Amino acid sequence: MSTQPTGRSELWDGFEDPDAQQSAQLPWDEPIPLTARRELPAFPTDVFPAWLGDFVRAVAEETQTPVDMAASLAIAVLSTAAGGRAVVHVRGHWREPTNTFVVVALPPGNRKSAVFSLMTDPLYKSEALLSAASAATIIEAEITAKLAKEVADSAAAKAARADADKRDQLVAEAISLAQTAESLTVPAKPRLLADDATPEVIASLLAEQDGRLAVMSAEGGIFDIIAGRYSGTPNMEVFLRGQAGDRLRVDRRGREEFIEAPALTMGLTVQPSVLEDIGRIKGAGDRGLLGRFLYSLPTSLVGHRKILPDTIPDDVAAIYEERIIALTMSLAGWTDPAVLQLSPEANDALVAYERRQEPRLRKRGGDLGHIGNWAAKLGGATCRLAGLLHLATHTENGHTQPITADTMHSAVRLSDYFTGHALAVFDLMGADHTANRAHTVLDLLRTQQWHEISKRDLMVKLSRSEFATVAELDPALNLLEDHGYLRSQPVARTGGRGRPPSPRYLIHPHLTDPTI
């Protein structure tokens, strides 16, 4: 059988179907357009300082992945380094922390793990440095606590054996020593990163780490956990409060702890289907979980990648590592967060952005009204992004100088990027899957410029990640036929044994020759 889809299959050779001939000669009407796909903005990597922009672009080149992935993860990396240790004072009592939730969606085969590893490696090195620096303090605290417990236990035993006239005094001393021993705490080993942990574990880690933690994952299984993989019911409280900085109560080791201002960061790379699943998590929309993420939905480069791309220059990689570690270490010791101030010009730029955005949030006539829960947080998200860009520019002394107007304008550009992608993502979450798949088929037909095609040949050309079975292709073909892009041909039966001929479709001449 011929494998060329541009002509008829050999099953048709020598067989003339009058119905097929008549169908081929019928005139074509103008096809009915499918709903237009959104044009996604490109990531503006020039908003980053040179050391970061150079590395992001170099990672994208070496891995042959969309620059959006490395660039979005760069924001999560900066957020991990600064989150919980720096806040942006906007105006009045309005302060924004610098932790963010970022999720990038790409199909399988896009080297998400490779990019993830390159971007996050300095964080793991920073974590190791923090652990080494605290090792002596932790050992001293452990020994002190152990000795205090032994002294308290000895005093309690002595009081229990004492004569009645001395017992009250010894009991009082034992109680005092026990209270002292109980008040001694051993610092937890410093930790910046967690993976797909349960909400309970994440809450406990936040308490141990003074409210600072990042969940970084190249797979996105955390969404299954949030949806209730282990508990059976959705559990998103720690994520809601951790992103917003709202006070969080944690029950651990038999006592309650309050995290006054938790700062949870999330940096995730997932498959697009995971985004569809997020939208189905009970309460995720109403409670605001979906509205807390910055979404990136870049176009896959698979099929268009260089075989021998340029590698990351050693000096570019070294500077990236040095700057991320410097930022992390410079803020690690802060208990009260470093406060980043806006310059008057930066505030003016933010006000102009807020005025531009507000009409877009209207339920009637606003292009963001249907995703108001997400878009209403853009002002705060823009301030967070401005704070991160500012700290990336001044990795060791950002708190000593104000955020400039240029930095705020760059943050606005990032917000516009994430807005464009969020619109596409929320379309996907409430997606008409048939229309999306029909677009994929239509794009292939335009590219190949076939005159006719069999269903079998189409399945060979289409991605199995989107069309795993022929049954998933049928609704898309039916929709394209309903819109006048395809015309099904009668199936010719030869009467012989073997696999039956695959259904065939004539393709609208506009797709073969757009000038017609």
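Residues numbered from 1 in each chain as written. Predicted model: local features only at pLDDT ≥ 70, side-chain atom pairs only at ≥ 80, totals over all residues. Heavy atoms only, no water.

Some thoughts on the side chain of Arg 487
Link 1 in the chain: Within the secondary structure layout, Arg 487 lies in strand S12 (residues 486-488).
Link 2 in the chain: Although Arg 487 lies buried, it forms no salt bridge, and the closest oppositely charged side chain, Asp 29, sits 6.8 Å away as judged by the N-O distance. (Helix = DSSP H or I, 4+ residues; strand = E, 2+ residues; numbered from the N terminus. Buried < 20%, exposed > 50% of the residue type's maximum accessible area, 1.4 Å probe, protein only. Lys, Arg positive; Asp, Glu negative; His and termini not counted. Salt bridge = Lys/Arg side-chain N within 4 Å of Asp/Glu carboxyl O.)

Things to note about the sheet that holds strand S1 (residues 86-91)
Link 1 in the chain: The strand order S2-S1-S10 describes an open sheet built from 3 strands, whose pairing is mixed. Edge strands, defined here as strands with exactly one partner in the open sheet, are strand S2 (94-97) and strand S10 (338-341). Neighbour-to-neighbour, the strand axes of this sheet turn through a mean angle of 35°, independent of strand direction.
Link 2 in the chain: Direction of pairing for S1 relative to S10: parallel, over a ladder of 4 bridges. Looking at S10, one finds that His 89 is bridged to Gln 341.
Link 3 in the chain: The strands touched by helix H11 (residues 344-357) are S1 and S2; relative to S1, the strand with the most contacts, the crossing angle is about 75°.
Link 4 in the chain: Helix-sheet contacts for helix H13 (residues 378-393) involve S1, S2 and S10, and the interaxial angle to S2 is about 60°. (Pairing = 2+ DSSP bridges. Axes fitted to C-alpha atoms, helices over the stretch in contact; angles between N-to-C directions. Contact = heavy atoms within 4.5 Å.)

Quick word on the pattern of salt bridges
Link 1 in the chain: In the structure shown here, the tally under the stated rule is 16 salt bridges.
Link 2 in the chain: Between Arg 384 and Glu 96 there is a salt bridge; the shortest N-O distance is 2.9 Å. Of this pair, Arg 384 sits in helix H13 while Glu 96 is found in strand S2, placing the two residues 288 residues apart along the sequence.
Link 3 in the chain: Among the ionic pairs, Glu 321 bridges to Lys 125, the shortest N-O distance being 2.8 Å.

Comments concerning the sheet that holds strand S5 (residues 212-217)
Link 1 in the chain: As summarised here, the arrangement of the 5 strands in space is S4-S5-S8-S3-S9, forming an open sheet in which the pairing is parallel. Here the strands that pair on one side only, and so sit at the sheet edges, are strand S4 (193-194) and strand S9 (293-296).
Link 2 in the chain: Sheet analysis places strand S3 (residues 101-105) next to S9, joined by 4 bridges and oriented parallel. Looking across to S9, one finds that Val 102 is bridged to Leu 294.

Details of unusual backbone geometry
Link 1 in the chain: Despite not being glycine, Arg 111 shows a phi value in the positive range, around 60°.
Link 2 in the chain: Here Arg 111 lies in the loop between S3 and helix H4 (112-161).
Link 3 in the chain: A positive phi angle, close to 55°, is found at Gln 449, a residue other than glycine.
Link 4 in the chain: Relative to the assigned elements, Gln 449 resides in the loop between helix H15 (433-448) and strand S11 (452-454).
Link 5 in the chain: You can call Gln 449 partly exposed: its relative accessible area is 39%.

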